[in-house]
Amino acid sequence: MFRIRPTFREFQAPLRPTRTTSQPLRKRIPFRSYQQRFNPSPQYRRFGPSGGVSGLFYRWAARPTFYRDVGLITAGVGGIYVFNLEEVPVSGRRRFNIISPALEETLGAATVDQVKEEYRGRILPEYDPRVRQVKKVLERLLPYAEGEGLKELDWEVNVIDSPEQNAFVAPGGKVFVFTGILPLCQTEDGIAAVLGHEIAHVVAHHTAERMSQAPLILIGVLALSLFDVSFYSGKMLLDLFLSMPASRKHEAEADYIGLMMMAQGCYRPEAAMEFWSRMEKTGQQGPPQILSTHPSNHNREEKIREWLPKAQEKAEASECSVTSQFADQFSSAFGGFNRW
């Protein structure tokens, strides 16, 4: 007999009819909007940028102790400033200085070594007439420089055989004179005008004052950077309105102090005015005074002309008045013999 076997489909469960959904496909698939992930609108920041010096300042300003910190810093800086105020000899100007003369001399020693190395072989020997002339003038000016605080310095004269029209005195009493400036000096009075000016920079400790101003300039540059001013632009602005005017003030002050010293040393104060007049006639025109670290030659000549009465008073109050009267009597006596 044959048994009829049911087919495989007969053992399967009946299929249930599937319901067709009417929801669109976009509602069944999770979707993240582009606007939520990438929001182009900038976020609100209360205290400005978060990076650099500006960000550091804004974060500090957000602290509740900001005003107390500012008050303490201001009081501390003000106390340091007042404590380090001093008076410049001769001129009487009040200024801020935190560099001691010993430190100034130590820092200036590097410049002295550098100049000696650069001009090795061109420093004239002591027996050279030009060296002896410069030393003679220096010896007459030193008593008045030492009277203004330059004591116990190891003075040294170096005359360099070079056409440069320059001279300077490094802290510590190291004198450098280039032979190129001697024709402009013409006489010992002219040399006294140049040396008096350069020694005056040491008397007034202008190098120490400039080094003391360096932290203030750095703070000013950082403060300008808070207003989106670049470091270079901030440095240029401070040079124009702070460093260069201060340097011109130092030069004018050195002219005044040097003029008083050369008058006390029995040199003609008018020689300083004549020297700057010759410098102006050389035709070496520098940049405009506002862009220079030095006053113009014409302005220096005019300022010295204003100071001449004061220099004459200094000369009369010193031993020069007695020497001058003796010289006039000596000249009159010889003039009488000439008439015979």
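Check the entry above for the structure.
None of these values were measured; they are calculated from a predicted model. (Residues numbered from 1 in each chain as written. Predicted model: local features only at pLDDT ≥ 70, side-chain atom pairs only at ≥ 80, totals over all residues. Heavy atoms only, no water.)

When its secondary structure is counted, the chain shows 13 helices and five strands. Taking all 340 residues of the chain together, 35% fall into the buried category. Partitioning the intrachain contacts of the chain with sequence separation of at least 6 by distance along the chain shows that 66% fall at a separation of at least 24. Accessible area for the chain stands at about 23,200 Å²; split by element, carbon and sulfur atoms hold 58% of it. (Helix = DSSP H or I, 4+ residues; strand = E, 2+ residues; numbered from the N terminus. Buried < 20%, exposed > 50% of the residue type's maximum accessible area, 1.4 Å probe, protein only. Contact = heavy atoms within 4.5 Å. Areas by Shrake-Rupley, 256 points an atom, 1.4 Å probe, with all protein chains shown as cover.)

One pass over the full model with this rule turns up 18 salt bridges. For Glu209, the salt bridge goes to Arg95, with nearest N and O atoms at 2.8 Å. Residue Glu209 is located in helix α9 (residues 206–225), and its partner Arg95 is located in strand β2 (residues 94–96); the two are separated by 114 residues in the primary sequence. Residue Glu302 pairs with Arg305 through a salt bridge whose shortest N-O separation is 3.7 Å. Taken as a pair, Glu302 and Arg305 lie in helix α12 (residues 297–317) at a separation of three residues, close to a single helical turn. Each of Glu86, Arg93, Arg95, Glu209 and Glu253 takes part in a single network of salt bridges with overlapping partners. (Salt bridge = Lys/Arg side-chain N within 4 Å of Asp/Glu carboxyl O.)

Across soluble globular proteins, you tend to see nonpolar side chains buried next to one another. Leu195, Ile199 and Met262 are the most contacted members of the largest nonpolar core, which has 51 residues in total. Here the element with the most residues in this core is helix α8 (residues 188–203); it accounts for nine residues. In terms of nonpolar packing, the next biggest core, distinct from the first, is built from seven residues, Val112, Ile160, Phe176 and Phe178 among them. (Core = buried A, V, L, I, M, F, W, Y, C linked by side-chain atoms within 4.5 Å.)

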